[in-house]
Each structure stands twice: as C-alpha cells, then as structure tokens.
Amino acid sequence: MNLNAPLPIDHVLGDVTAALAVSGAAVLRAPPGAGKTTRVPLALVSADWLAGQRIVMLEPRRLAARAAASRMAAQLGEAVGATVGYRMRLDTRVSRHTRIEVVTEGVLTRMLQHDPSLDGVGLVIFDEFHERSIHADLGLALTLQAKGLFRPDLRVLVMSATIDGDPVAELLSGAPLIVSEGRVWPVETHWLSTRAEGRIEPRVVRTVHTALERETGDILVFLPGAAEIRRVETGLRSLNLDNVDVYPLFAQLPQDLQDRALAPSPAGRRKVVLATSIAETSLTIEGVRVVVDCGLMRVPRFSPRTGMSRLETMRVTCAAADQRRGRAGRTSPGTCYRLWTKAEDAGLVPQRAPEITEADLTPLALELSVWGVTDPATLAWLDSPPRGAWAHATGLLRALHAIDSNGSVTAHGRALSDIALHPRLAHMLAHAGAHSAARTAAALAAILAGRDPFSGDAARNPDLRLRVHALRAGRDYRADPASIATLRREAAQWERAAHSLTVADPAGGPEAHADDADATGPLLALAYPDRIGRRRGRTGRYLLSNGRGAFLDDASAFGDAEFLAIATLDDIGREARIQLAAPIDRADIERLFAEDIRTEVTADWDETSASVRVSRARSLGAIVLDSARINDAPGVPRVTILLDAVVRQGLAVLPWSRTAIALRERVAFARMQQPDAWPDLSDHALLGSIHDWLAPFVPDAGRLADIGAAQLTAAIETLLGWERLRALDAFAPTDIAVPSGSRITIDYTDPATPVLAVRIQELFGLRETPSIAGGAIPLTLHLLSPANRPVQVTRDLPGFWERSYFDVRKDLRGRYPRHSWPDDPLNATPTRRARPR
C-alpha cells in the first residue's frame, strides 16, 4: 500500500496552516478516511510559526495512538521514536529528536501540570474530538487557560469527523472552521427485515458466515464487549472456516495480539476482526471491505446517588453507526451488514452524551485541584461538569485526604495525581508503600485498572484474593496466561510507584509485613472506604458504608466473613450485586479508619417500656459497628422525646383524671359561648402546644409512667391561670345546689348541652329550670327515678310539672310505692329519702 498516496485532507492542509498562523486556533472537520490524523501533523511540523517546537496530539484511544504514530513514522521512512513518537501509560517511545508526540489518556494533563507553559510545544492537536472523552475535555480546558495565562503563542487545533464545529469554534474565541469534504467510497448497506430477538452472538456468527460466502476482503465485526467477542470467536472457530483467521481486538488485549489484528492478512487468507468500539475511528485495518455491526455499544454510567459506575449496554448512536459503516469504505467500495431494521435505524439518537456528563469526576476533580481550581465554572467547557457528580467527587477526595475542606489540594493529593491511576487506587498504593504491602497493592491496582484475569465460571467467584494469588504465582488454571503476563508487567510498575511515595500516611495502612493475599481486604478498604460492607443476617446481603445495599450471588463465597471491602458492583436494581471483594477484619477497620469512625449518642422512644431509650453507637458511615444502651447521658432531651411520643400516639396515653377531663369539658362549654375569652383545650390544640404546657410538669427520667393524674390537672390549671379558673367556676360551675340540699355535678361531656341528672323528688318546689353562664343557658335535666333511672329529659321544668308530671307520677307510684309522690309537686317538700322527714 502506498502510504504517501494523495488523500482528501491534502486539499485543506494549506488552509489549516494559514488559519493557525493568523488566528492561533482552528477547528477541522473531516469525514472518516480523509487522512486528518496522519497527514495534518506531518504537514504542520514544518510550518514557520512552529519555529522548531513540538506538536502534541491527543488521541483518545491507546490503540489508535500507537497506530497513528506508526503510520506517520512509516510515511517518513523512520522508526517510531524518531521524528514521530508516542506517550501513554506504561508505554513511551520518544527521543530528543521527536517533533510529533501522540499522547493519550491523561498524558497531556500530566504535561500541563508539570509545566503549565508547555515549554517547547508550539501546537496542541485534539484528534477525534467528537468522541468527547473526559480527558479531551479536561485537556482542552487546561490548554486554553494555559494559552491565556502563559502562552498566547501556543496554537490549538481541534479535529473531528462528526461533531458540530460551530460551538467548538466559539469556545476557541471564534476560531475559523475548516471543512474537508473528503472522499467516501460507496458502502452498500444491508438491514434486517424483521426485528431481531434473543442473544446477538448466534446472529453475528451467521451473518459473518454469510458475508464470507458473498463478499470479498476482510471483515470487521463490532460487538459491545470482550465477553461477546469471546463467544463469537468460539462460534466462528467451531465452523472450521478454510483460510480464515479470527482475531479479537479490544483495549485490554496485549499489544502483540492487537498488532496481529491490525496487520494485513497473508496472501491467500482472509481475516475476521472482532472489535469493540475501539475500532470506530482513527484506525485503518488493512484489507477490511466488510463491516458487520451488531448495533450495540457498552458505555460507563456513573450515579452520584450511589457513588458507583456501571457498564450499560445500549444502542449505538447514529454518528457511531456511520463511523462503523465507514470502516468498510476507507480504501475501496465495501459492504455493511447492520443487525437491526430500517425502522430501528430511524430511531437512533444522533450523538452519545459527552463523557464528562456521565462519568465519575473524581480524577478530573483531583486534576483541577492540583491546577489550583476549586470551582470548575472558572474554566472554559463545552459541557460543564454536573453539580451532583462534582459534589460526590470532591467528597470522595476529602475522604481520601487528597483535598482539604476548602477544596485545595493537599501534599497527599499532589502525590496521588502523579500516579496514572484513579485516585482511589493511587491512595491505596501510597499507604501500601508505607506499610510494606506494595506487592499486593500493585497486583490489585493492575487488576482493578485493567481487567479480570479470570474468565468463564471462574470469573463469577467474587474473591479478589484468588486473583492476587494468581498474579503473585504467575500462573493459574483459571486465568489466561497472556492476561496474567500483562497484568504482572503493570503490577511491577505500580509496585515501583508505591515504593517511591513518601507522603505522610494520615489514615494508617495494612499491618507491616502483611504483604500477602490476606492484605487484600484492608488495601481495598483504603481505596473504597465508601464500599465497606457489613453482613445483614445469613443471606449474603450487606449494608455498605455509603448506605447502599448489596448482595452476593453465593452467600457462602466468603464463609462467615462479617465485613467485606468491595471493589466493584453492578449497581443494578435496589441492591447491587457484589462482583469483586475481599474480607476485612473489624480490627483492621478500627485501625484504618480510627479518624472516620464517629461515636454518637442517640435517644429514641421505646414502645415496649414506654420510656426514652438512650444508646451510644460507633459507626463508619451507614454501618453501625457496635451500640449499647446507657443510662448516664447528660444533655439528652428525654422530656422532648417523651412528649413527641405522646404527640404520635395521642393524648389518650396520658393518665387523665375525671377532674382534669371535667375541667377541659367546662372550658369547651365556656369557649362555645365566648370564643375569644377562653383557650382551646381540644386534643388537637393541646398536642400542638404540648411542649409548652406539659413539659414543666414532666419528670426528667423520660418514663411515661412518671406522669401522674395530679401533674396533668396542675398543668391544665396552670395553662388557664387563677383568674380564668375563678371566672370558670362562676360561668360553668362544677355542680349546682337543688332544693333537697344536694349539690349535683353538671355533666359537660357535650359542651352544647350541659346535663344535670337529678332525681325528681329532689326538685319538688323548684319553679324555674336551673341554668348556668349567668343564667343564659338552661341545663338539660335528666329527671331520674328513685333508682337513678332516667324517666324524662327536659329543659323546661315548669312545663314538666304542669304537663308531664302526673303521667310520670302514675307510673312511679306503682313501681316505688314506699316513696312520696305528692299531688302538688310545686308545694311539696323536696327530699333525698323515700319520704320527707
């Protein structure tokens, strides 16, 4: 293949060079296959305005970065590391002669942090910016601020295949937008006729087999993840295809296996490359004429509510589908098989949301704190970091002692930022290095930052100690040897990093010389303090320190371990499934998190004893480590808690005497007559003000039994006051004298109709109906027989004597012959006895 053959991008290279010379910034939009990734840097490296300085190009994917550097070096007839080189985590190929550096992941951020002026760099290129990786957004924000503060001569070029260039140009202070129309070879597209159901792997295998029979050239298959790739690979190999090689291609694959997938097929053979979205952009896989797209992609989703990320399988976007289809037409006409219908195709969303809006922002927040920024709004972003994710990120960094309460970076945080790992894992390495557990921590960092070395049924075992042992031993029947070898190389680098850290150890670390698999739990706890779990019952369910629930598929996976340190969960459903964890002892938790364990005295209402229960609990986040009931707890508002319990249960739980009840009933009657003169003593009103009127009469012990009837009566009387009590006795007396000399109690149960229940014989001679409220309200008389049974109800006593008495007298004389039933009750002598004396 002629690496120097003309490409569509060649027509605008002069425009790009001129725009950067005049404006200092530019946006270049060119379709896939136009050649922007390899031709633009080579064209600009000799520009007069570059003046011998270097070009740094940020490439979102490691595989693409290596491939781009290799292709540019090949065009110059040089080896990588001469004029063109690359930098990435664990792999750097540059020299003092290098003029173009292709960097990836956080390398550009590291360069800016160590030298904000980017001395010796004249141009920063952001390639494939449409992918909107969080590293690209952060790198652009820092680069623009560095340009404004230190390097006005620094040029910035943003390149993309599908992004809307106008907002980017506006972000670059109105930089010119240059568009290359490109050259697209025709790609014939096939869709499914009906909506597909079931697993995608058998359908992919059938489609690839069909494509091998119908089409020529190599085939590139897009699948969501490594698991699906492995299953399709197994399915294709079972077909025993002649002269066909099957190669997986995903990020965690060792480099030599990635290179085999990218290399041209030998003469007479064809290849099928099974790739994730890693192959969507910036890669030209030699010989590919056919694309089979399953239509799915796997993206991380971060939840600020739970503080956890999960991988979510979703439909590809319209832009991603077009990028994938374009792989078939990079160098000649091709064919694309889309495993979805045309109707489904019309429903694809245009673009994927920028990673910064969906990702865990902890690494970004740490980088900004090192940069000196505590408020991300002070930087220029296409999409600002979401507030919820930012708050979670800064909270975690405080828990890791990486930033202080003001958001400023600590010495520990600066040390963590120098390690190309998530701050959680860097924090773990720092403490492990100070406590002779670096080897175990390095193995954990390699596994958790890379991929699980176990596969198949073995991968379902959540015990991380088994993986650590496999890496330490260098072999394991459950693990892929290539994966073990790759992870061991990475672990060796992390071990060196751990030993190089000299930062003070504020939170303690694993026991000295505990550098074996048993240190896994304590080390994980340092990295994931919010995911320490305590078992609930015997069912494999756990409560995490962040308040989330989690469970094990196999409740016996960790035996009787009461506590787990959990690295990964699926975060699906109400409770998350524990995927990777290790047991940790209570003693380790007490030692590692002594500063974070809080002691809290709590008081609540105990329904059984009807009293205030005071407990002292020690907790790590939402996990209660231990608690005990205590008696001596000064300052506990027992009276308040008791009265709150009364409010919840109602006034009926109090020991009301008949005197107190009658007093409230009399006030209710008086209030009906004179609403403004008397207080509201209803249940609702008294419950609403119970802390005012009853609290002074409640003993401090906080027991309901200590409230007596006398206290309640005194509380109500105090609420009324002496003046009102005296007025009440006159307006609504407790009792009234009748002609017999008796004092009869007035019943105010129904305040609308106060009742006087009295025997008829005690009213002989009384000509007027008894009344209260200054004579304004006649009492309702319940006239009783000698046996105190009601025989007549009236509010008109004169009318009773005149109209009803003689009928009642006739009946009563027959039933009570020993009693006196005079013919003239108005002139008869009243009596409490059978006959008057």
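Parameters at a glance
- Here, residues in each chain are numbered from 1, in the same order as that chain's written sequence.
- Side-chain atom pairs in this predicted model are given and counted only at pLDDT of 80 or more, local residue features only at pLDDT of at least 70, and totals for whole chains, interfaces and linings cover all residues.
- To get the side-chain values, all heavy atoms of the structure are used, and hydrogens and water are removed first.
- By the criteria applied, helices consist of DSSP H or I runs no shorter than four residues and strands consist of E runs no shorter than two, each listed in order from the N terminus.
- Radius of gyration here uses only the C-alpha atoms, and the compact-globule reference equals 2.2 Å multiplied by the residue count raised to the power 0.38.
- Burial status follows relative accessibility: with a 1.4 Å probe on protein chains alone, a residue under 20% of its type maximum counts as buried, one over 50% as exposed, and anything between as partly exposed.
- Note on definitions: a residue-residue contact is assigned when non-hydrogen atoms from the two residues lie within 4.5 Å.
- In this description, accessible areas are obtained by the Shrake-Rupley approach with a 1.4 Å probe, and a residue is regarded as covered only by the protein chains that are shown.
- Positive charges come from Lys and Arg alone, negative charges from Asp and Glu alone, with His and the N- and C-terminal ends not counted.
- A charge is said to be at NZ when it belongs to Lys, at CZ for Arg, at CG for Asp and at CD for Glu.
- The pairing criterion for strands is at least two bridges between them, as found by DSSP.
- Consider the strands pointing away from the viewer: the crossover is right-handed when the path from the first strand over the helix to the second runs clockwise.
- For our purposes a nonpolar core is just a set of buried Ala, Val, Leu, Ile, Met, Phe, Trp, Tyr and Cys residues, chained together by side-chain atoms within 4.5 Å.
- Think of a polar contact as two N or O atoms within 3.5 Å of one another; within protein, one of them needs to be a possible hydrogen donor and the other a possible acceptor, and neighboring residues in sequence only count if both atoms come from side chains.
- To get an axis, a line is fitted to the C-alpha atoms, and for a helix only the part in contact is used. The angle between two axes follows their N-to-C directions and goes from 0 to 180 degrees.
- The term salt bridge refers to a pairing of a side-chain nitrogen on Lys or Arg with a carboxyl oxygen on Asp or Glu at a separation within 4 Å.
- The cut-offs work like this: below 35 degrees is roughly parallel, past 145 is roughly antiparallel, 65 to 115 is roughly perpendicular, and the gaps in between are oblique.
- Each helix crossing is assigned a hand: it is left-handed if the near helix lies turned anticlockwise from the far helix by less than a right angle, otherwise right-handed if that turn is clockwise.
- Any residue that is not Ala, Val, Leu, Ile, Met, Phe, Trp, Tyr, Cys, Pro, Asp, Glu, Lys or Arg is counted as polar, Gly included; the first ten are nonpolar and the last four charged.
- You can read pLDDT as the predictor saying how much it trusts each residue, on a scale of 0 to 100.
- Any two of the Phe, Tyr and Trp rings considered here, Trp counted by its six-membered ring, make a pair once their centres fall within 6.5 Å; the pair's planes then place it as stacked at under 30 degrees, edge-to-face at over 60, or tilted in between.

**Q** Now, about the overall build of the protein: what can you tell me, with residues and values included?
**A** When helices and strands are counted, the protein shows 27 helices and 31 strands. For 837 residues, the compact-globule formula gives about 28 Å, and the C-alpha radius of gyration of the protein, at 43 Å, lies well above that figure. Along the longest, intermediate and shortest principal axes, the C-alpha atoms of the protein span 140 × 65 × 60 Å. Counting every position in the protein, which comprises 837 residues, the buried fraction comes to 52%. A separation of at least 24 residues holds for 68% of the contacts in the protein among residues at least 6 apart in sequence. For the protein, the computed accessible surface area is about 36600 Å², with 50% contributed by carbon and sulfur atoms. With 99 positive and 99 negative side-chain charges, the protein shows a spacing of 4 Å between the two charge centroids.

**Q** Pulling in residues and values, what's your account of the pairing of strand β7 (residues 155–160)?
**A** The buried fraction of β7 amounts to 6 of the 6 residues, a majority that puts the element mostly inside the structure. Side chains of β7 alternate between two faces, with Arg155, Leu157 and Met159 and Val156, Val158 and Ser160 buried alike. Where strand β1 (residues 25–29) lies against β7, 5 bridges are found, and the strand directions are parallel. When the bridges of β7 are listed, alanine 25 appears paired with valine 156. For strand β6 (residues 121–126) and β7, the ladder comprises 4 bridges, and the chain directions are parallel. Bridging from a neighbouring strand, phenylalanine 126 pairs with valine 158 of β7. Taken together, β6, helix α5 (residues 134–149) and β7 form a β-α-β motif whose crossover is right-handed.

**Q** Could you give an account of unusual backbone geometry, naming the residues involved and the relevant values?
**A** In this model, leucine 118 sits at a positive phi of 50 degrees, which is unusual for a non-glycine residue. Tracing the sequence through the fold places leucine 118 in the loop between α4 (107–114) and β6. Looking at leucine 118, the relative accessible area reads 3%, which means it is buried. Backbone geometry places asparagine 788, a non-glycine residue, at a positive phi of 65 degrees. Relative to the helices and strands, asparagine 788 resides in the loop between β30 (780–784) and β31 (790–794). Under the relative-accessibility criterion, asparagine 788 is labelled partly exposed at 48%.

**Q** Please set out the environment of isoleucine 707 residue by residue, giving values where relevant.
**A** When you line up the elements, isoleucine 707 lands in the loop between α24 (690–693) and α25 (709–720). What makes isoleucine 707 buried here is its relative accessible area of 3%. Sequence spacing of isoleucine 707 and leucine 654 is 53 residues, and the spatial spacing of their C-alpha atoms is 7.5 Å. Apart from the residues within four sequence positions on either side, isoleucine 707 is in contact with Leu642, Leu654, Pro655, Val698 and Leu712.

**Q** Explain the nonpolar core residue by residue, including any values.
**A** The biggest cluster of nonpolar side chains holds 106 residues, and the ones touching the most others in it are Phe126, Leu140, Leu172, Leu368, Trp494 and Leu524. Top element by residues in this core is helix α16 (residues 438–449). It accounts for 9 residues. Filtering out sequence-adjacent residues up to four positions away, tryptophan 494 remains in contact with Arg89, Ile419, Ala420, Leu421, Leu429, Ala442, Ala445 and Ala446. Within the second largest apolar cluster, 62 residues are counted, among which are Ile630, Ala732, Ile744 and Val808.

**Q** Tell me about the side chain of threonine 794, and please be specific about residues and values.
**A** Here threonine 794 lies in strand β31. Polar side-chain contacts of threonine 794 include one of 2.8 Å to the backbone nitrogen of aspartate 796. The residues touching threonine 794, leaving out its near neighbours within four places in the chain, are Leu779, Thr780, Leu781, Leu783 and Phe800.

**Q** Could you give an account of the sheet that holds β30, with specific residues and numbers?
**A** Sheet architecture is open: 5 strands sit in the order β25-β26-β27-β30-β31, paired in mixed fashion. A single partner strand is all that each edge strand has here, and the edge strands are β25 (735–737) and β31. For this sheet, the mean inter-axis angle between neighbouring strands, taken without regard to orientation, is 30 degrees. Pairing geometry for β25 and strand β26 (residues 743–747), over 3 bridges, is antiparallel. In the sheet register, alanine 737 faces β26, and the bridge partner there is arginine 743. Against the sheet, helix α27 (residues 797–815) makes contact with β30 and β31, and its axis sits at roughly 165 degrees relative to β31, the strand it touches most.

**Q** I'd like to hear about the pattern of salt bridges, residue by residue, with values.
**A** Applying the stated rule across the entire model yields 49 salt bridges. The partner of glutamate 201 in a salt bridge is arginine 231, and the shortest N-O contact between them spans 2.6 Å. Here the residue glutamate 201 occupies a position in helix α7 (residues 200–214), and arginine 231 occupies one in helix α8 (residues 226–237), the gap between them amounting to 30 residues. Residue arginine 231 is classed as partly exposed on the basis of its relative accessible area of 38%.

**Q** Account for the side chain of aspartate 588, with residues named and values stated.
**A** Tracing the chain through its elements places aspartate 588 in helix α20 (residues 586–592). Judged by its relative accessible area of 13%, aspartate 588 is buried. Polar contacts involving the side chain of aspartate 588 include one to the side chain of arginine 591, which spans 2.5 Å.

**Q** Could you give an account of the packing of α16 against helix α18 (residues 481–500), with specific residues and numbers?
**A** Helix-helix packing is characterised by the crossing angle of the two axes and by the distance between the axes. Axis separation between α16 and α18 bottoms out at 8 Å; the angle between their running directions is 130 degrees. Put simply, α16 runs oblique to α18. When you trace α16 past α18, the crossing you get is right-handed. Residue-level contacts link Ala438, Arg439, Ala442, Ala443, Ala445, Ala446 and Ile447 of α16 to Leu487, Glu490, Ala491, Trp494, Glu495, Ala498 and His499 of α18. Here the contact of α16 with α18 is composed, by residue class, of 10 nonpolar, 1 polar and 3 charged.

**Q** If you had to explain the environment of phenylalanine 150 to someone new, which residues and values would you point to?
**A** As for its position among the elements, phenylalanine 150 is in the loop between α5 and β7. With 68 residues separating them in the primary sequence, phenylalanine 150 and aspartate 218 have C-alpha atoms 49 Å apart. Ignoring anything within four residues of it in the chain, the contact list for phenylalanine 150 reads Pro116 and Ser117.

**Q** Give a description of the confidence of the model for the protein that names residues and reports values.
**A** Mean pLDDT over the protein: 90, with 96% of residues reaching 70 or higher. Predicted confidence in the protein is weakest over strand β15 (residues 308–315), with a mean pLDDT of 80, and strongest over strand β27 (residues 755–759), with 97.

**Q** So what about the packing of aromatic side chains? Which residues, and what values?
**A** Enumeration according to the criterion identifies 9 aromatic pairs in this entry. Note on phenylalanine 669 and tyrosine 748: the rings are 5.5 Å apart at their centroids and 50 degrees apart in plane angle, and the pair reads as tilted. Of this pair, phenylalanine 669 sits in helix α22 (residues 658–673) while tyrosine 748 sits in the loop between β26 and β27; the two residues are 79 residues apart in sequence, bridging distant segments of the chain. In this structure tyrosine 748 comes out as buried when scored by relative accessible area, which is 2%. On the basis of an interplanar angle of 55 degrees and a centroid distance of 5.4 Å, the ring pair of phenylalanine 800 and tryptophan 801 is categorised as tilted. Across the pair, exposure class does not vary: phenylalanine 800 and tryptophan 801 are buried alike.

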